[in-house]
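# Observations on the model geometry
Listed here are the chains, written in short residue letters.
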Amino acid sequence: MLGLPGAGKGTQAERFARTRGVPKVSTGDMLREAVHDDTEIGRRVKTTMERGELVSDELMTGIVRERLERADTMSGFVLDGFPRTVGQAESLDSMMNGRGPLIVVDIVVPEEEIARRLGARLICADCGANAGSFADAAHPVSDAVAVGAAARVEAEAIAGSRLPPDLQRCGRCGGRLIQRADDDAAVVLERLKVYHRQTEPLVEYYRKRPTFRSVNGALTPDQVAVALAAAVDAAAAGTITTGGGVAR
Ligand code: AP5
Ligand code: MG
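Bear in mind the structure is a predicted one, so any value in this text is a computation, not a measurement.

In this section: the state of the cysteines. Cysteine pairs can be linked by a disulfide, which is a covalent bond between their two sulfur atoms. Throughout the structure, instances matching the rule amount to zero disulfides. No disulfide involves C170; its nearest neighbouring cysteine sulfur is the one of C127, lying 3.7 Å away. On the accessibility criterion, C170 (6% relative accessible area) is buried. Lacking any disulfide linkage, C173 is separated from the closest cysteine sulfur, that of C124, by 3.5 Å. Of the residues examined, C173 reaches a relative accessible area of 42% and is grouped as partly exposed.

Rendered as structure tokens:
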């Protein structure tokens, strides 16, 4: 899945993977887990992630290659957050060799909506689960657009009584909900710049392939999920009917 930071890649990857019974391979989640667990990789990537910059292609392709060698990915998998550069896409093509079509879906969302979503997002400090958005529960959307530092303060004070119980603790593990370290307004700006510079070229890299689709990510999560499932199915069917659509 391709898309701006906050486009909904993680949300949709999780749902799609669950529905289709395949694993979700999220490089962002894997790296955040490494940082949380203070592993050697976590210590290497922490500052880079906090600045909103990309971790090296070498490290990322190594991590993904190793993950895709595990047996649970043999019937398919969903990639969230990888590839992020043309170099990573070229490596992925070589990893996909002989493994069936690589379907690429670009989730398209306007940048104003991105600022609203990321400024308001909460995640679990313990398990990293996305807990949704306190803005949806506690603020009208117009308040949440001008978030950033204010959101951080708000998010750090979320034990506050204005939030319903399901936005005070993680629904999965009961952990404390916090703002993601790279959702600070200044870092979001950097992530958007990095996206345009290093990741957006991937849209052109994939666009000519018959397995490329784009979906409108500005609809509700349910609507996006329906559109995305249809897009994936259409792309997969295309590879059968044309016989030539298998992305290398
Ligand atoms: P990563 O974790 O991949 O972050 P990202 O791409 O910046 O994207 P996000 O996770 O912020 O957004 P998302 O598109 O997943 O949206 P989500 O579903 O969460 O990467 C983080 C960092 O790790 C990078 O900056 C880099 O340092 C490093 N890294 C990771 N992979 C790398 C790689 N391959 N190479 C190099 N470095 C790498 O949704 C966002 C919010 O919106 C949520 O609150 C959600 O509830 C809400 N939302 C979702 N859908 C909707 C909707 N339809 N309507 C309303 N709200 C919605
Ligand atoms: Mg994500």
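On we go.
When the charged atoms of two side chains lie near each other, side chains of opposite charge can form a pair. Scanning the model with the defined rule gives 19 salt bridges in all. The salt bridge partner of R44 is E40, with a shortest N-O separation of 3.9 Å. You can see R44 and its partner E40 sitting in helix 3 (residues 40–51), four residues apart, about one turn around the helix. On the basis of relative accessibility, which here comes to 51%, the residue R44 falls in the exposed class. Judged by relative accessible area, E40 falls into the exposed class, the value being 52%. One salt bridge connects D183 with R121, and the closest N-O pair in it is separated by 2.7 Å. With D183 in the loop between strand 7 (177–178) and helix 10 (185–199) and R121 in strand 5 (residues 121–124), this residue pair connects regions lying 62 residues apart in the sequence. Judged by its relative accessible area of 0%, D183 is buried. Taking relative accessible area as the criterion, R121 reaches 14% and is therefore assigned buried. Each of E14, K24, D29, R32 and R172 takes part in one network of salt bridges that share partners.

Conventions we followed
Residues numbered from 1 in each chain as written. Chains lettered and ligands numbered in written order. Predicted model: local features only at pLDDT ≥ 70, side-chain atom pairs only at ≥ 80, totals over all residues. Heavy atoms only, no water. Disulfide = S-S within 2.5 Å. Buried < 20%, exposed > 50% of the residue type's maximum accessible area, 1.4 Å probe, protein only. Salt bridge = Lys/Arg side-chain N within 4 Å of Asp/Glu carboxyl O. Helix = DSSP H or I, 4+ residues; strand = E, 2+ residues; numbered from the N terminus.

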